[in-house]
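Fold and geometry: a report
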Amino acid sequence: MLQEIFNLVKQVAGDSVINNPDVPNEHNDAVVAEATNTVASGLRNIVAGGGAENLLSLFGKNNTSGKSLMSNPIVSMMVGHFAGKLMSKFGLGSNQANNVSSSLIPNILGGLVNKTNDSSDSTFSLDNILNSITGGKSSEVASQHGGGLSDILSGAAGSSGGLGGILSQLAGGAQQQQQKNGGGGLMDIISGFLK
């Protein structure tokens, strides 16, 4: 799933990064990689913190435009984090970093939401994203409760273990992925896509 997110970032990075004079050309690939890392890590951190429900709301069908996404606190957090990276790693000024981040991150997430909600695109699905974020834990949870995970989470209040138990299992899987990929692990994987 990380490779698919990276490819999506490359597709939407045109005006925000590649054709942007504020981003030096020699940093284009590294900025795309950092944006991929910001989105993937951000999604994983949300689930690890017990926020799988928030992730579901982010992927709602009404969240396909950058403007509607900017009101989501998850997106705002990612925009701020990425702007900070642009300033510290690539030397962009505050205004330039905020402009790039405010354009790129919502467009990436909007594209991800569109693709996830597109039944004709099997590359992206909420179940695949959650499975990647949780290191396969979401598949275990789905098989325990029968059905697709997004459906289970939507109706989990009446299931055995309740919503709290399911969210706890997903958070545990995401936390294990964080520990496994700690120390730059995701960035190392993403950097491999550049070669």
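Residues numbered from 1 in each chain as written. Predicted model: local features only at pLDDT ≥ 70, side-chain atom pairs only at ≥ 80, totals over all residues. Heavy atoms only, no water.

With that out of the way, let us pick up the pattern of salt bridges. For the structure on display, the rule yields 1 salt bridge. For K89, the salt bridge is made with E34, and the minimal N-O distance between the two is 2.7 Å. With K89 in helix α6 (residues 73-90) and E34 in helix α3 (residues 28-48), this pair connects stretches of sequence that are 55 residues apart. (Salt bridge = Lys/Arg side-chain N within 4 Å of Asp/Glu carboxyl O. Helix = DSSP H or I, 4+ residues; strand = E, 2+ residues; numbered from the N terminus.)

Among the structural elements, S101 can be located in helix α7 (residues 94-117). Once residues within four sequence positions are removed from consideration, S101 is found in contact with M78, V79, F82, A83, L86 and P106. (Contact = heavy atoms within 4.5 Å.)

Here we take up α3. An α-helical segment advances 3.6 residues per turn. Residues three or four places apart therefore align on the same side. Taking 1.5 Å per residue, 21 residues should reach 30 Å; α3 reaches 30 Å between its end C-alpha atoms and fits that length. When you tally the buried positions in α3, you get 18 out of 21 residues, the bulk of the element. Taken from the residues just after α3, G50 is the one with a positive phi, measuring 85 degrees. (Expected span 1.5 Å × (residues − 1). Buried < 20%, exposed > 50% of the residue type's maximum accessible area, 1.4 Å probe, protein only.)

On to the nonpolar core, then. A general trend in soluble globular proteins is that nonpolar side chains are found buried together. In terms of nonpolar packing, the biggest core is built from 53 residues, with V39, L43, L55, F59 and L112 touching the most fellow members. Where this core is concerned, the elements lending two or more residues are α1 (2-12), α3, α4 (52-58), α6, α7, α8 (126-133), α11 (162-180) and α12 (185-193). For this core, the leading source of residues is α3, giving 10 residues. Filtering out sequence-adjacent residues up to four positions away, V39 remains in contact with I5, M78, I105, I108, L109 and L112. (Core = buried A, V, L, I, M, F, W, Y, C linked by side-chain atoms within 4.5 Å.)

Counting through the fold element by element, S102 comes out in helix α7. In this structure, the C-alpha to C-alpha distance between S102 and V75, residues 27 residues apart in sequence, is 9.3 Å. Contact partners of S102, with chain neighbours within four places excluded, come to M70 and V79. Here the side chain of S102 touches N98 through a polar contact of 2.8 Å, landing on its backbone oxygen. (Polar contact = N/O pair within 3.5 Å; in protein donor to acceptor, adjacent residues only side chain to side chain.)

Moving on, we come to the confidence of the model for the protein. Mean pLDDT over the protein stands at 80; residues scoring 70 or higher make up 80%. Averaged pLDDT values over the elements of the protein bottom out at 60 in helix α10 (residues 149-154) and peak at 93 in α6. (pLDDT = per-residue confidence, 0-100.)

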